[in-house]
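What follows is the residue order along each chain.
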Amino acid sequence: MKVLVYCEHSNGKLKKGSLEVLSNCAQWGVETHALLLGAPGTLATLAAQTEKFAPHTVHTAEHSALAHYSPEGFAKVVADAAKSLGADALLATVSSQSKDFFPRVAVKLDTGMASDCTSVNVAGGKLEAIRPMYAGKCSAAVDFQGAKPAIATIRPNALGMKPEKAGKPAVAAVSCDPGTIRAAVKEVVAKAGGSGKTDLTEADRIVSGGRSLKNAENFKILEDLAAVIGATVGASRAAVDAGYRPHSDQVGQTGKTVSPTLYMAFGISGAIQHLAGMRSSKVIVAVNSDANAPIFQKADYGVVGDLFQIVPALTEELKKVVH
Amino acid sequence: MKIFVCVKQVPDTETKIKIAGDGKSLDLAGVKWILCPYDEFAVEEAIRFREKNAGATVTVVSAGPDRVAEALRTALAMGCDEAIHVAAPESADSYLNSKALARAIEKNGPAHIVFTGKQAIDDDCAQVHQALAEFMNVPAVTVVLRAQYGATIAVEREIEGGTIEKYDVPTPCVIAAQKGMNEPRYASLPNIMKAKKKEIKKLSMADLDLSNAAAKISYKQITLPPERSACKMIEGDPATAAKALVKALHEEAKVI
Ligand SMILES: Cc1cc2nc3c(=O)[nH]c(=O)nc-3n(C[C@H](O)[C@H](O)[C@H](O)COP(=O)(O)OP(=O)(O)OC[C@H]3O[C@@H](n4cnc5c(N)ncnc54)[C@H](O)[C@@H]3O)c2cc1C
Ligand SMILES: Nc1ncnc2c1ncn2[C@@H]1O[C@H](COP(=O)(O)O)[C@@H](O)[C@H]1O
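Residues numbered from 1 in each chain as written. Chains lettered and ligands numbered in written order. Predicted model: local features only at pLDDT ≥ 70, side-chain atom pairs only at ≥ 80, totals over all residues. Heavy atoms only, no water.

1. Quick notes on the site of ligand 1
All names here are of chain A. Lining the immediate surroundings of ligand 1 are 26 residues, of which R211, S236, Q250, T254 and S269 lie closest. Within the backbone of S289, one N or O atom sits 3.1 Å away from a nitrogen atom of ligand 1. Its free accessible area being 990 Å², ligand 1 has 76% of it covered by the protein chains. Broken down by secondary-structure element, the contributors of at least two residues to the shell around ligand 1 are α6 (237-241), α7 (272-278) and α9 (307-321). Broken down by class, the residue content of the shell around ligand 1 amounts to six nonpolar, 16 polar and four charged. (Near = heavy atom within 4 Å. Polar contact = N/O pair within 3.5 Å; in protein donor to acceptor, adjacent residues only side chain to side chain. Areas by Shrake-Rupley, 256 points an atom, 1.4 Å probe, with all protein chains shown as cover. Helix = DSSP H or I, 4+ residues; strand = E, 2+ residues; numbered from the N terminus. Nonpolar A, V, L, I, M, F, W, Y, C, P; charged D, E, K, R; others polar.)

The structure is reproduced here in structure tokens:
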């Protein structure tokens, strides 16, 4: 079975989510093919980064029109590569980019696609995928109905990084034609103070605050805690609507869907729309002054108390165990 | 100049999910249906465009069973001029819905801009915008926070970390709205009354030459998330509780 993995990269590094997918393919006993897209002369070092999971072949598609992201160009090159390889499955990590252009790939290949999966496996030469729906209120096992290739995008952290299986993949240059591109990124503007931090959707640890933080300045205590454990700060909609945090920090049904290993909710009541965005987190910690707050029904560990007292104490304790 | 806006009717966000007897579909009886919240931004954007461009008209399109007429009326009440109901089966997936929507729009076009939401909050696929654009062979930008309409459309799209990607998109194109693109208006009572009387044009799958078209994916089994084991409550004054919590995270849960 041939599995093609679209490997996304930024700033000269493969995305952790892409490596995660490759590491899982290495466990499935499939013929793994990695696909990289980029400007001419930029992909050799990236191809080398796949070695720890020993794909069969790394396909490098270099073209000046691929220097900047475009849904049309990327979709055409990925679809063409999947077709010429005869891939049985096509996988990618969920990201702003794959979310955007993979639906076009599916249409070009006239096949079905399961987006945002939380579990993907190969059994009996077939791709199996489970995807959450209704903001995680239920999960569905997908029937690809024999589609070739079966396409799935997989949430970061969902499969976990598997042990290394080093080996030297063959590197093959793909001759590619990005076709007509009518919409391409012409400028990228990073949010002030936002660069360098792991995005919520990729974060392995998240520290979130709600309305009860009372103002933007008070989020400093959550930022201090987050800094100790390398977490990203998130917020409830009430905190965002009150202007304490930007909308890009919002977790929930109309914000980001996250699935970190550790999610800590401080002064968040646990409204269904908030739970929708974080219920697939592995371990959930809730701190709330109200013992009856619904968040405790979804949490693994709970502390009833005043966050303004507990957060600083927690930060000090965490410093002792994190080195 | 024809502007289209695609809207999906979805269960209210508070809906409690029930799995049907077959184990692979949902029991939707008694569900309160709403217009998908992201699609409200799309409707608002379409109406604002028409208000600034004399001669433009806004047609709202929804694919699905008969109940979606209600969502179309909501969009008409907000200010859309015309409505089209594409009678797609409940089993239609993103692929089939996109194909049907593309054909319905082309039949009633030519479209100048097609607005959609960034994601329908029922199946959470986030596919129909780009898939629709691919079927129509037009460019698309998704998760759009801002659009300025000139000879081309200057669009800002939100990606990881709140970073903004800027595009200049020629028309015709598809634009998928992110929350915050605008402030959707409430329908006024007179407009709700007027919307009730407006005709909704119905297109069958046969009208779109899609009688034999089938969905590409379906679901074999739907399950509710496993219940989490009961929350371990950690007692004590803040310092004691903090110590115990960190110990549990470190030694028991092993996440720190
Ligand atoms: C269509 C729709 C979409 C929505 N989308 C989202 C979304 O994406 N994300 C989202 O989060 N919400 C969303 N909401 C809003 C959601 O319903 C809640 O209103 C919101 O999540 C509440 O935020 P909160 O928990 O911060 O505030 P509250 O519900 O006001 O809760 C504050 C909590 O803080 C506790 N508290 C107060 N003081 C302290 C203290 N000193 N120490 C410890 N605890 C304290 C209180 O006991 C309370 O539980 C949506 C709603 C709708 C209708
Ligand atoms: N059945 C449908 N009818 C009309 N528009 C739809 C339909 N399904 C999806 N859309 C549009 O496409 C967007 C993305 O939907 P989805 O791909 O289902 O997450 C939605 O916000 C709607 O604007």
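2. Regarding the layout of surface pockets
To find the voids left in a structure, one rolls a probe of water-molecule size over its atoms. All names here are of chain A. Its volume calculated, the second largest pocket comes out at about 1400 Å³. As for the second largest pocket, its lining consists of 48 residues, of which H9, S10, N11, K15 and E202 are closest to the centre. Here the residues of the lining of the second largest pocket are counted per class, giving 16 nonpolar, 19 polar and 13 charged. (1 Å grid on protein atoms, 1.4 Å probe; cavity = no way out; pocket = protein on both sides within 12 Å on 5 of 7 lines; lining within 4 Å. Points joined across faces, edges and corners; volume = space filled by probe spheres on them.)

3. Digging into the pattern of salt bridges
Considering all chains together, one arrives at 36 salt bridges over all chains under this definition. A salt bridge links D110(A) to K216(B); the shortest N-O distance between them is 3.6 Å. Residue D110(A) is found in the loop between α4 (96-108) and β7 (113-117), and its partner K216(B) is found in the loop between β11 (200-204) and β12 (218-223); the two belong to separate chains. With its nearest N and O atoms 3.2 Å apart, the salt bridge here joins E316(A) to K319(A). Of the two residues, E316(A) and K319(A) are both situated in helix α9; the distance of three residues between them amounts to about one turn of the helix. You can call E316(A) partly exposed: its relative accessible area is 43%. Through salt bridges that share partners, E8(A), K15(A), E202(A) and E160(B) make up one connected network. (Salt bridge = Lys/Arg side-chain N within 4 Å of Asp/Glu carboxyl O. Buried < 20%, exposed > 50% of the residue type's maximum accessible area, 1.4 Å probe, protein only.)

4. Quick notes on α9(A)
Over its 15 residues, α9(A) extends 21 Å from the first C-alpha to the last, a length consistent with the 21 Å expected when each residue adds 1.5 Å. Among the residues of α9(A), L307(A), I310(A), V311(A), A313(A), L314(A), T315(A), E317(A) and L318(A) are the ones counted as buried. The inward-facing, buried residues of α9(A) contact α5 (219-229), β16 (262-266), β17 (283-288) and β18 (301-304) of chain A together with α6 (238-252) of chain B. Of the residues that open α9(A), the one with a side-chain oxygen 3.0 Å from the backbone nitrogen of F308(A) is D306(A). (Expected span 1.5 Å × (residues − 1). Contact = heavy atoms within 4.5 Å.)

5. Quick look at the site of ligand 2
Residues and elements named next belong to chain B. Around ligand 2, the surrounding shell holds 19 residues, and the nearest of these are D39, A120, A126, Q127 and V128. In the model, an oxygen atom of ligand 2 is placed 2.6 Å from a nitrogen or oxygen of the Q127 main chain. One nitrogen or oxygen atom from the main chain of V128 is found 2.7 Å from an oxygen atom belonging to ligand 2. Starting from 480 Å² of accessible surface for ligand 2 in isolation, the protein chains cover 100%. Comparing atom positions with the cavity grids shows ligand 2 to sit within the largest cavity. Listing elements by their share of the shell around ligand 2, those giving two or more residues are β4 (57-63), α3 (94-107), β6 (111-117) and α4 (128-136). Grouping the constituent residues of the shell around ligand 2 by class yields nine nonpolar, seven polar and three charged. (Sits in = over half its atoms within 2 Å of the grid points.)

6. Side note on empty space enclosed by the protein
Per the counting criterion, the structure on display carries four cavities of 30 Å³ or more. The volume enclosed by the largest cavity comes to roughly 300 Å³. Together, 23 residues line the largest cavity, and K8(B), D39(B), L101(B), A120(B) and V128(B) are the ones closest to its centre. Within the lining of the largest cavity, the residues separate by chemical class into 10 nonpolar, eight polar and five charged. Put simply, the second largest cavity is a space of about 80 Å³. If you trace the second largest cavity, you find it lined by V94(A), S98(A), K99(A), M113(A), S115(A), D116(A), T153(A), D124(B), C125(B) and A126(B). Looking at the lining of the second largest cavity, the elements that each hand over two or more residues are α4 and β7 of chain A. Among the elements that line the lining of the second largest cavity, the one with the most residues is β7(A), at three residues. Class assignment for the residues of the lining of the second largest cavity results in four nonpolar, three polar and three charged.

7. Remarks on the pairing of strand β4 (residues 31-38) of chain A
Residues and elements named next belong to chain A. A large share of β4 lies buried, amounting to seven of its eight residues. Bridge count for strand β1 (residues 2-6) against β4 is five bridges, and the pairing is parallel. Across the sheet, L4 pairs through a bridge with H33, a residue of β4. As paired elements, β4 and strand β5 (residues 57-62) share six bridges and run parallel to each other. (Pairing = 2+ DSSP bridges.)

8. Quick notes on unusual backbone geometry
In this structure, the amide linkage connecting K148(A) to the following residue, P149(A), adopts the cis form with an omega of -10 degrees. Relative to the assigned elements, P149(A) resides in the loop between β10 (138-143) and β11 (150-154). In this chain, T171(B) is followed by P172(B) through a cis amide linkage whose omega measures -5 degrees. Locating P172(B) in the fold gives a position in the loop between β9 (164-169) and β10 (173-177). With phi around 45 degrees, Y134(A) is a residue other than glycine that occupies positive phi space. Within the chain, N157(A) stands out as a residue other than glycine whose phi angle is a positive 75 degrees. Of the residues examined, N157(A) reaches a relative accessible area of 7% and is grouped as buried.

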